[in-house]
Amino acid sequence: MSVYSFTEVRSNFKSVCDSVVNDCEPAVIHRRGAENVVMFSESEFNSWKETIYLLSNPVNAKHLLDSIKQIDDGQAQERELLD
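None of the values given here were measured: they were computed from a predicted structure.

**Q** Please provide a residue-by-residue account of the domain arrangement of the protein chain, values included.
**A** By the assigned domains, the protein chain splits into domain 1 (2-40) and domain 2 (43-73). Taken over C-alpha atoms, the centre of domain 1 sits 28 Å from the centre of domain 2.

Encoded structure:
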(Lines give C-alpha, C1' and ligand atoms only; values in the text may rest on other atoms or scores of the structure.)
Protein backbone atom coordinates (compact mmCIF):
# COMPACT_ATOMS: atom_id res chain seq x y z
CA MET A 1 0.00 0.00 0.00
CA SER A 2 1.46 3.31 -1.08
CA VAL A 3 1.41 6.35 1.17
CA TYR A 4 1.23 9.83 -0.31
CA SER A 5 1.12 13.25 1.22
CA PHE A 6 -1.90 15.38 0.45
CA THR A 7 0.35 17.68 -1.58
CA GLU A 8 1.68 14.75 -3.67
CA VAL A 9 -1.84 13.59 -4.45
CA ARG A 10 -2.99 17.08 -5.35
CA SER A 11 -0.03 17.51 -7.72
CA ASN A 12 -0.31 14.02 -9.27
CA PHE A 13 -3.97 13.15 -8.86
CA LYS A 14 -4.39 11.35 -12.21
CA SER A 15 -1.27 9.22 -11.79
CA VAL A 16 -2.22 8.27 -8.20
CA CYS A 17 -5.73 7.29 -9.39
CA ASP A 18 -4.25 5.29 -12.28
CA SER A 19 -1.84 3.54 -9.92
CA VAL A 20 -4.63 2.61 -7.50
CA VAL A 21 -6.73 1.15 -10.33
CA ASN A 22 -3.93 -0.55 -12.27
CA ASP A 23 -2.15 -2.06 -9.25
CA CYS A 24 -5.39 -3.02 -7.41
CA GLU A 25 -3.75 -1.58 -4.31
CA PRO A 26 -5.19 1.12 -2.07
CA ALA A 27 -3.31 4.35 -1.47
CA VAL A 28 -3.14 6.11 1.88
CA ILE A 29 -3.33 9.89 1.71
CA HIS A 30 -1.56 11.32 4.75
CA ARG A 31 -3.07 14.56 6.01
CA ARG A 32 -1.10 16.48 8.58
CA GLY A 33 -3.27 17.27 11.59
CA ALA A 34 -6.23 15.24 10.27
CA GLU A 35 -7.20 11.61 9.84
CA ASN A 36 -5.65 9.86 6.84
CA VAL A 37 -7.78 8.88 3.86
CA VAL A 38 -7.64 5.60 1.94
CA MET A 39 -8.30 5.62 -1.80
CA PHE A 40 -9.14 2.46 -3.72
CA SER A 41 -10.83 1.58 -7.00
CA GLU A 42 -14.58 1.17 -7.35
CA SER A 43 -14.20 -2.51 -8.25
CA GLU A 44 -12.08 -3.10 -5.12
CA PHE A 45 -14.65 -1.19 -3.03
CA ASN A 46 -17.46 -3.35 -4.43
CA SER A 47 -15.45 -6.48 -3.67
CA TRP A 48 -15.00 -5.38 -0.04
CA LYS A 49 -18.72 -4.61 0.26
CA GLU A 50 -19.63 -8.05 -1.10
CA THR A 51 -17.22 -9.78 1.28
CA ILE A 52 -18.61 -7.88 4.26
CA TYR A 53 -22.15 -8.75 3.20
CA LEU A 54 -21.36 -12.45 2.76
CA LEU A 55 -19.59 -12.66 6.12
CA SER A 56 -22.22 -10.63 8.00
CA ASN A 57 -24.52 -13.65 8.30
CA PRO A 58 -22.94 -16.06 10.82
CA VAL A 59 -24.38 -19.17 9.13
CA ASN A 60 -23.13 -18.07 5.71
CA ALA A 61 -19.74 -17.07 7.14
CA LYS A 62 -19.33 -20.51 8.74
CA HIS A 63 -20.27 -22.24 5.49
CA LEU A 64 -17.76 -20.15 3.50
CA LEU A 65 -14.97 -20.65 6.03
CA ASP A 66 -15.66 -24.41 6.16
CA SER A 67 -15.44 -24.50 2.35
CA ILE A 68 -12.11 -22.68 2.40
CA LYS A 69 -10.81 -25.12 5.02
CA GLN A 70 -11.85 -28.07 2.82
CA ILE A 71 -9.88 -26.59 -0.09
CA ASP A 72 -6.86 -25.95 2.14
CA ASP A 73 -7.05 -29.54 3.41
CA GLY A 74 -7.06 -30.88 -0.16
CA GLN A 75 -10.63 -32.11 -0.02
CA ALA A 76 -11.80 -30.24 -3.12
CA GLN A 77 -12.72 -32.08 -6.28
CA GLU A 78 -12.53 -30.58 -9.74
CA ARG A 79 -15.66 -31.14 -11.79
CA GLU A 80 -16.66 -30.35 -15.33
CA LEU A 81 -19.44 -27.81 -15.69
CA LEU A 82 -22.70 -28.87 -17.28
CA ASP A 83 -24.12 -26.86 -20.18
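So that's the structure; there's more coming.
**Q** Explain the side chain of Ser 41 to me, using residue names and the numbers behind them.
**A** Relative to the elements of secondary structure, Ser 41 occurs in the loop between strand E3 (37-39) and helix H3 (42-56). Taking the relative accessible area as the measure of exposure, Ser 41 reaches 9% and is therefore buried. For Ser 41, the side chain forms a polar contact with the side chain of Ser 43, separated by 3.3 Å. A polar side-chain atom of Ser 41 sits 3.1 Å from the main-chain amide nitrogen of Glu 44.

**Q** Let's hear about helix H4 (residues 58-72): which residues, and what values?
**A** In an α-helix there are 3.6 residues to a turn, and that puts residues three or four apart on one side. With 15 residues, H4 extends 21 Å between its outermost C-alpha atoms, agreeing within 8% with the 21 Å of an ideal straight helix rising 1.5 Å per residue. Between the side-chain oxygen at the start of H4 and the backbone nitrogen of Val 59 there is a gap of 2.8 Å, and the oxygen is on Asn 57. Phi for Gly 74, located one or two positions after H4, is positive at around 75 degrees.

**Q** Give a detailed account of the nonpolar core, specifying residues and quantitative values.
**A** Grouped together as the largest cluster of nonpolar side chains are 7 residues: Tyr 4, Val 9, Val 16, Val 20, Ala 27, Ile 29 and Met 39. Mapped onto this core, the elements with two or more residues apiece are helix H2 (13-23) and strand E2 (27-30). Excluding its chain neighbours within four sequence positions, the residues that come into contact with Met 39 are Val 9, Phe 13, Val 16, Cys 17, Val 20, Pro 26, Ala 27 and Ile 29.

**Q** Describe the packing of aromatic side chains, and please don't skip the residues or the numbers.
**A** Counting across every chain of the model gives 2 aromatic pairs. Aromatic side chains Phe 40 and Phe 45 sit 6.1 Å apart centroid to centroid with 40 degrees between the ring planes, which places their arrangement in the tilted category. Given the relative accessible area of 29%, Phe 40 is considered partly exposed. Given a relative accessible area of 39%, Phe 45 falls into the partly exposed group. An aromatic cluster is present here, built from Phe 40, Phe 45 and Trp 48 joined pairwise through their rings.

**Q** Can you tell me about the environment of His 63, naming the residues and giving the values?
**A** As for its placement among the helices and strands, His 63 is situated in helix H4. On the accessibility criterion, His 63 (51% relative accessible area) is exposed.

**Q** Tell me about unusual backbone geometry, and please be specific about residues and values.
**A** Despite not being glycine, Cys 24 shows a phi value in the positive range, around 50 degrees. Tracing the backbone through its elements, the reader meets Cys 24 in the loop between H2 and E2.

The rules behind each value
Residues numbered from 1 in each chain as written. Predicted model: local features only at pLDDT ≥ 70, side-chain atom pairs only at ≥ 80, totals over all residues. Heavy atoms only, no water. Domains from an automatic or database assignment. Helix = DSSP H or I, 4+ residues; strand = E, 2+ residues; numbered from the N terminus. Buried < 20%, exposed > 50% of the residue type's maximum accessible area, 1.4 Å probe, protein only. Polar contact = N/O pair within 3.5 Å; in protein donor to acceptor, adjacent residues only side chain to side chain. Expected span 1.5 Å × (residues − 1). Core = buried A, V, L, I, M, F, W, Y, C linked by side-chain atoms within 4.5 Å. Contact = heavy atoms within 4.5 Å. Phe/Tyr/Trp six-rings, centres within 6.5 Å; stacked < 30°, edge-to-face > 60°.

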